[in-house]
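A closer look at the structure
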Amino acid sequence: MVKRPKYSVGVAQMAAAMVLSGTLGYFVLESHQSAYNVVFFRCLFGAISLALYCWVRGLFREKHFNKNTFLLALGGGVAIVANWVLLFSSYKYASISISTAVYHTQPFFLIIFGMLLFRERPGINKMLWFFTAFIGLFFVINIDMSDFSFSFDYVFGLILALSAAVLYAIATIIAKRLKGIPPHLIALAQVTLGVGLLLPFVEFKDVPLVGPHWVYLISLGVIHTCIMYILMYSAFQKLQTPAIAVLSFIYPAVAILVDYVFYNQNLATLQIFGILLILLGGAGVNLNWSLIPLRLSRSASS
């Protein structure tokens, strides 16, 4: 039985984190840096801001990790950092729309992992709302089938995006296993690991000492890492996998709106319809709306 106040807070935290995620592409593009450089500085400034936050909160005064949970957190960190690098790298092989569509198969992996590892049973109604949101996603992405090109680069881009989706789902599942540990410390351990992992791959010669790119790189660390991951990890520990999966669809909806506002990307009628389906799917899961009679849902789930 989900405690409603705790659940509602988790929903609000996850929704806010996904809204921030939707603005991520703008900051990445405006930084004009390679995927390795972007992720490295995201981890660096994220680690600094998270360390300051944890220090102010007094979280270093107590021991929160044991050996097993610390290794588990680091494993999640490897998944998160590799997920960022793979996703950003996939853009140059497949189009951003195609990469985004493939990447957002990660809710399916969340559902599958939740069923296999935690024996979670989302029920027919939640699954129907999930598929409603997923259909909305494809309207939002607005893929033109005539542009498909199955070259080696294209297929490689799809593999990168799909791998990023799997890694994101793994990181989410790991975070759910770390209940009782402040999410700020989890995120700090992971981005600190990311700094060390990516240091050999950073191209410092491509980063001018002065320029507007620093505004975007610092923002990626402070806003899109420190603040966003505090919200997201807190939500992971309050929500079941199906709710996390559906709320994740807010991310692409916001990304489309950011494209419209900052890059004059006009929204097609189907994209507007897709955004409405995404919001409807999220509301259906979180408010427990029934698309089929409750009795039939229970009998099908038993």
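In this text, all values refer to a predicted model and were calculated from it rather than measured experimentally.

**Some details on the overall build of the protein**
Along the protein, the regular secondary structure elements total 14 helices and 0 strands. Order of helices (α) and strands (β) in the protein, N terminus to C terminus: α-α-α-α-α-α-α-α-α-α-α-α-α-α. Burial statistics for the protein: of 302 residues in total, 50% are counted as buried. In the protein, 92% of the contacts between residues at least 6 apart in sequence involve partners at least 24 apart. By element, 68% of the accessible surface of the protein is carried by carbon and sulfur atoms, the whole surface being about 14,900 Å².

**What to know about the nonpolar core**
Ranked by size, the top nonpolar core spans 84 residues in total, and within it Met 14, Phe 88 and Leu 239 carry the most contacts. Residue contributions to this core peak at 11 residues, all from helix H10 (residues 213–236). Beyond its immediate sequence surroundings of up to four residues, Phe 88 is in contact with Leu 24, Val 28, Ala 35, Val 38, Val 39 and Arg 42.

**A look at the packing of aromatic side chains**
For the structure on display, the rule yields 16 aromatic pairs. For the ring pair Tyr 26 and Tyr 216, a centre distance of 6.0 Å and an interplane angle of 75° mean the geometry is edge-to-face. With a gap of 190 residues between them, Tyr 26 in helix H2 (residues 24–31) and Tyr 216 in helix H10 connect regions that are remote in the sequence. Tyr 216 shares its class with Tyr 26; the two are buried.

**Observations regarding the environment of Val 11**
You can see Val 11 is positioned in helix H1 (residues 4–22). Taking the C-alpha atoms as reference, Val 11 lies 7.4 Å from Leu 239; in sequence the two are 228 residues apart.

**Observations regarding the pattern of salt bridges**
One pass over the full model with this rule turns up 1 salt bridge. Lys 205 is the salt-bridge partner of Asp 206, the closest N and O atoms lying 3.4 Å from each other. When its relative accessible area of 36% is taken as the criterion, Asp 206 is described as partly exposed. Of the residues examined, Lys 205 reaches a relative accessible area of 72% and is grouped as exposed.

**Side note on unusual backbone geometry**
Located in the positive-phi region is His 32, a residue other than glycine, with phi close to 55°. By the secondary structure assignment, His 32 is in the loop between H2 and helix H3 (35–57). Judged by its relative accessible area of 65%, His 32 is exposed.

**As for the state of the cysteines**
Taken as a whole, this structure holds 0 disulfides when the rule is applied. Cys 54 takes part in no disulfide bond, and the closest cysteine sulfur, belonging to Cys 226, lies 7.9 Å away.

**Topic: a nonpolar patch on the surface**
Among the surface-exposed residues, Leu 29, Tyr 260, Val 261, Phe 262 and Tyr 263 lie close enough to one another that they form a single nonpolar patch of about 490 Å² accessible area. When residues of the nonpolar patch are assigned to their parent elements, the largest contribution, 4 residues, is made by helix H12 (residues 250–263). Locating Val 261 in the fold gives a position in helix H12.

**Quick look at the confidence of the model for the protein**
Per-residue pLDDT for the protein has a mean of 82; in total, 88% of the residues score no lower than 70. By mean pLDDT, the top-scoring element of the protein is H3 (93), and the lowest-scoring one is helix H14 (residues 294–301) (50).

**Considering the packing of helix H4 (residues 67–90) against helix H9 (residues 183–198)**
Relative to each other, H4 and H9 sit at 55°, their axes nearing to 8 Å. Our classification of the angle between H4 and H9 gives oblique. Here H4 runs over H9; the crossing is right-handed. Packed against H4, whose contacting residues are Phe 70, Ala 73, Leu 74, Gly 76, Gly 77, Val 78, Ile 80, Val 81, Trp 84 and Val 85, the element H9 presents Ala 189, Gln 190, Val 191, Leu 193, Gly 194, Leu 197 and Leu 198 at the interface. Taken together, the residues of the contact of H4 with H9 sort by class into 13 nonpolar, 4 polar and no charged.

Analysis parameters
- Residues numbered from 1 in each chain as written.
- Predicted model: local features only at pLDDT ≥ 70, side-chain atom pairs only at ≥ 80, totals over all residues.
- Heavy atoms only, no water.
- Helix = DSSP H or I, 4+ residues; strand = E, 2+ residues; numbered from the N terminus.
- Buried < 20%, exposed > 50% of the residue type's maximum accessible area, 1.4 Å probe, protein only.
- Contact = heavy atoms within 4.5 Å.
- Areas by Shrake-Rupley, 256 points an atom, 1.4 Å probe, with all protein chains shown as cover.
- Core = buried A, V, L, I, M, F, W, Y, C linked by side-chain atoms within 4.5 Å.
- Phe/Tyr/Trp six-rings, centres within 6.5 Å; stacked < 30°, edge-to-face > 60°.
- Salt bridge = Lys/Arg side-chain N within 4 Å of Asp/Glu carboxyl O.
- Disulfide = S-S within 2.5 Å.
- Patch = residues over 30% accessible without salt bridge, like charges linked within 9 Å, V, L, I, M, F, W, Y side chains within 5 Å.
- pLDDT = per-residue confidence, 0-100.
- Axes fitted to C-alpha atoms, helices over the stretch in contact; angles between N-to-C directions.
- Parallel < 35°, antiparallel > 145°, perpendicular 65-115°, else oblique.
- Left-handed = near helix turned anticlockwise from the far one by under 90°.
- Nonpolar A, V, L, I, M, F, W, Y, C, P; charged D, E, K, R; others polar.

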